[in-house]
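Inside the fold
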Amino acid sequence: MYLLLRNQVLEMFDHAYQNYMDHAYPADELMPLTCRGRVRGLEPSRGDIDDALGKFSLTLIDTLDTLALLNKTVEFEEAVRRVVADVRLDNDIVVSVFETNIRVLGGLLGGHSMAVMLKESGRMVWYQDELLHMAKDLGLRLLPAFNTSSGLPYPRVNLRYGVRGPETRTGTETDTCTACAGTIILEFAALSRFTGDPTFEAHARRALDFLWEKRQRNSNLVGTTINIHSGEWVRRDSGVGAGIDSYYEYLMKAYILLGDDRFLQRFNTHYASIMKYISQPPLLLDVHIHKPLLPARTWMDSLLAFFPGLQVLKGDIRPAIETHEMLYQVTKKHNFLPEAFTTDYRVHWAQHPLRPEFAESTYFLYKATRDPYYLEVGRTILENLNRFARVPCGFAAMKDVRTGSHEDRMDSFFLAEMFKYLFLLFAEEDDLPFNVEDYVFTTEAHLLPLSLSTASNSQAPPLLDDSNFEWTCPNTRLLFPDPSTTRSTCHTGTMQTQQACGIILFKLYFESVDSNKISLSSSLQAVSAIAAEDGMRFMQEMMELSSQQQKEQLPPRAVQIVSHPFFGRVVLTAGPAQFGLDLFKSSSGVRGFVTVAEPYNGCSELSNGEIVAGRIALLQRGQCMFAEKARHIHKAGAIGGIVIDDNEGSSSDTAPLFQMAGDGRNTDDVTLPLLFLFHKEGNILLEALKEYREVEVLLSDKARDRGETLSKTERKNVNM
C-alpha cells in the first residue's frame, strides 16, 4: 500500500522538477502559475524573500542531492554537468548570507557528497571535485560577511563586491537574526574538512561562541535579533520558531558531525530552558528572555514544526509526539500549516509557502517509533499537496489557506526538502541508494557525510586574519517576523535508538487574555529603563497584533479556473466588494464562463450585452466607480464580474488585499458578486482566455476540491 505512496512521491517530484527545468531554468525559481522563471529584478520586489535569489540557478543546486537520493542517477549526473557548465557565482547582486549558505553552499556540498559516493561505486568517473571547487569559491565570497568585531556575520553580501564601497549596495546593516548567525557551522565546517582549509570552520565557530556568550544568563535563552557590532539584543523575545529555530538545530548537529562536546553541552543547557519556559505542552510559545515567565505573543509560527524532529534526535519522544499531534490538528483544519496560528488553531497569517518542516518531523517520528500512524499523516500531506497546491506547471504556494488561493511561487526548499522527507517516509531500505545513517541532514536537508568528523582539520584554529577581506564585506538583515522570509529545516538521519511509543491523547485548555486591560501607563511606572523598554515593546507588539487581526476581518475570495486544462487547480486571490452578493453566504459560489466586457472599463452601457448575458464579465479598473461597473454588467445580464487592476505589475504577492467600496449610493440593486484581481492574477485569466477561448471559473469564498468542480462529462474524460 505504501509502495504506491512512494511512487506518488516520485511522480510529484518529477512534475515539479521537470516544470522547473522546462519553464524556468536557468532562473533561480519557477513561477508555477505563469509558467516562467523568477529572475530577480525583472519581477516586483518581494523584499527579504528575494535575498535568496542570486542568479545562480538556485533551485537546480538546491535539488542536486534530492535527485541522487531518489535514485535519479541519470538526471543527477546531467544536473551536475549543467551546474558546472552554466552557473556563475561572480554576480553583482546582494544576497542573504544565511539563505545562500544553507541553500547554495549546502547544495553544492551535498551534490559533491553524492557525486563522490557515485564515483566510488563506479559511476561518474569523470567527476573531479568540480562542485567542491565551486563551493570553495562561494565560501570565499561569503567570508567577508564575518569581518566584524563580534565575529557575527553581516546579514547580506554582494557576491562580487562584498560590503565595502559604494558598488556593494550593502554593509550598513547593524542587526541580524540569531538563526542567521548561528546556522553556518555545518556547511562551513564541511567545506573546511573537504578542502583542508580551516578558515571557514573557524569563522563559524567564532560566531557560535559569541552567541553563546550573549545568552541571557538567568534564563539561558537567546533573543531573536542581535546587533552584530555590539552584541546587544535588538529583539528579546525567544522561542523555537522563526529567527532562532536552526540555531538550536545546528548546536545539536554540530556535535554529531564534529564530535565537539561543547556543542552538546550548549544545546542541553538551552533545551532545559526551552522545556522550562517555552514548552507548554503541546504548545511552544515565545517568552521574553529577561522575564521568561512572561509570554511574548499569543500565536505560533509554522517554522517551529521542525522542533518535534529535533526532539526525536535528542531522544525526548513524548513532547515531540504531543507537539506534532497539535500541528497535525492545525493541518487537518486548514489543509496546511498557516504561517502563523493561534493557540486555538485560528489563522494568524494565512500563507503557506509549501514549507517542509511538518513533513520532516513526521518522518523522524516514524523513524523513531515505527508507528504506522505517521505514515497516514504523510499520506495526508501528499493528498493535500496534490489536491490544493498542484497546478499544471508545478506546485504553487498557498496565498491563503482559508480560501485555497495560490501564490505564483515554488521555493527551492520544496524540491530540496519536501520530497526527500516524504520519499524517506514511504521508502523501504532497499529503495535507498545509500545508508542515510551515514549522513547528517543540514537545515536545508542537504547530506553531509559523518566521515567528516575524522577529516583533517587543524586542532587549534588559526588566529583569524581578516586583512584579506579588505576587498569586500557583506550583508543586511534577514528579520524573521515576516513569515514570508524563507527558512528551510532538516534533521540528522542518525537515530541511536528507536523507541516504541503510541499516540498520546490529550486535551487543550486555552486561557483568554483581556487585552483591554493593558495600559500604556505601565511603562511610565516601570521600575527601570529596561523594564520600560520591554513594556513599550510589548505594547507595540500588541498593537501590531490588533492591526493584523483587523486586516483579517475581511478575508479574500477565490477565483478558481475550473475548465480544461486547469480543472480547478489554479486558484487566484481576489478582493471582495462591500456590495453585491456576499460569497460567504453562498454555499456553492457562482460558476460561469468569462468574457471581456465592451467597453472594457464597464463605465457605460455594454455594447456586447448579448454575449455577457449569463456569463461572468471581465472589467478593467478605472474611469468610474466600482458600483457603476457592477450596475452596467448587471443590466446586461451578467451573473458576476471580475475587475482587473490597471496598474501594471501589481500582484497579490506584494500588495495588501484590496476591497472595493461602493459609490455612496444605495447598492441594494446590485445582486451579483463582484471581485477584484490585481494585474498579475488578472493576466493569468486573460492569457487563459486568449489561449483556450472558453474559460470557466468559480467565484467563491474559498476554493473547492478538484472533484467538486468537475462536471459529469469532465469526470469521464479526466483521470481523477
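These remarks concern the structure in this document. (Residues numbered from 1 in each chain as written. Predicted model: local features only at pLDDT ≥ 70, side-chain atom pairs only at ≥ 80, totals over all residues. Heavy atoms only, no water.)

1. Some details on the sheet that holds strand E14 (residues 347-349)
Pairing in this open sheet of 3 strands is antiparallel, and the strands run E12-E13-E14 from one edge to the other. Because the sheet does not close on itself, it has two edges, and the strands there are strand E12 (299-301) and E14. This sheet shows a mean twist of 30 degrees between the axes of neighbouring strands, independent of strand direction. (Pairing = 2+ DSSP bridges. Helix = DSSP H or I, 4+ residues; strand = E, 2+ residues; numbered from the N terminus. Axes fitted to C-alpha atoms, helices over the stretch in contact; angles between N-to-C directions.)

2. Topic: the packing of aromatic side chains
Within the structure shown, the criterion is met by 30 aromatic pairs. A centroid spacing of 5.7 Å and a plane angle of 85 degrees characterise the contact between Phe566 and Tyr692, whose relative ring orientation is edge-to-face. One end of the pair, Phe566, is in the loop between strand E21 (557-561) and strand E22 (570-574); the other, Tyr692, is in helix H20 (residues 679-692), with 126 residues separating them in the sequence. According to the relative accessible area criterion, Phe566 is buried, its value standing at 12%. Measuring from centroid to centroid gives 5.8 Å for Phe626 and Phe658, while their planes differ by 65 degrees, and the two rings are edge-to-face. With a gap of 32 residues between them, Phe626 in helix H19 (residues 626-635) and Phe658 in the loop between strand E25 (640-644) and strand E26 (674-677) connect regions that are remote in the sequence. Judged by relative accessible area, which is 12%, Phe626 ranks as buried. Each residue in the set Phe13, Tyr17, Phe395, Phe414 and Phe419 is aromatic and connected to the rest through ring pairs, giving one cluster. Positioned over the ring face of Trp126 is Arg81, at 4.0 Å from the centre of the ring. (Phe/Tyr/Trp six-rings, centres within 6.5 Å; stacked < 30°, edge-to-face > 60°. Buried < 20%, exposed > 50% of the residue type's maximum accessible area, 1.4 Å probe, protein only. Lys NZ or Arg CZ within 6 Å of the ring centre and 35° of its normal.)

3. Considering the state of the cysteines
Taken as a whole and assessed by the stated rule, the structure comprises 3 disulfides. Cys177 shares a disulfide with Cys180; S-S distance 2.1 Å. Across the disulfide from Cys177 to Cys180, rotation about the S-S bond amounts to roughly 90 degrees, and the bridge is consequently right-handed. With a relative accessible area of 1%, Cys177 lands in the buried category. A residue is classified by how much of its surface remains accessible, and Cys180, at 4% relative accessible area, is buried. If the cysteines joined by disulfides in the protein chain are listed in sequence order, their pairing comes out as 1-4, 2-3, 5-6. (Disulfide = S-S within 2.5 Å.)

4. Some words on the packing of helix H14 (residues 373-389) against helix H15 (residues 412-426)
Where H14 meets H15, the closest approach of the two axes is 10 Å, and the angle between their N-to-C directions is 140 degrees. Our classification of the angle between H14 and H15 gives oblique. Helix-helix and strand crossings are classified by hand; for H14 and H15 the assignment is left-handed. For the pair H14 and H15, contact is made by Tyr374, Leu375, Gly378, Arg379, Ile381, Leu382 and Leu385 and by Phe414, Met418, Leu422, Leu425 and Phe426, respectively. (Parallel < 35°, antiparallel > 145°, perpendicular 65-115°, else oblique. Left-handed = near helix turned anticlockwise from the far one by under 90°. Contact = heavy atoms within 4.5 Å.)

5. Structural notes on the sheet that holds strand E7 (residues 233-235)
Taking strand neighbours across the sheet as the criterion, the 3 strands line up as E5-E6-E7 in an open arrangement whose pairing is antiparallel. Looking at strand neighbours, the two that pair on one side only are strand E5 (175-177) and E7, the edges of this open sheet. Pairwise comparison of adjacent strand axes, ignoring direction, gives a mean angle of 35 degrees for this sheet. As defined by bridge partners, E5 adjoins strand E6 (residues 225-227) across 3 bridges and the pair is classed as antiparallel. The partner of Asp175 across the bridge, within E6, is Asn227.

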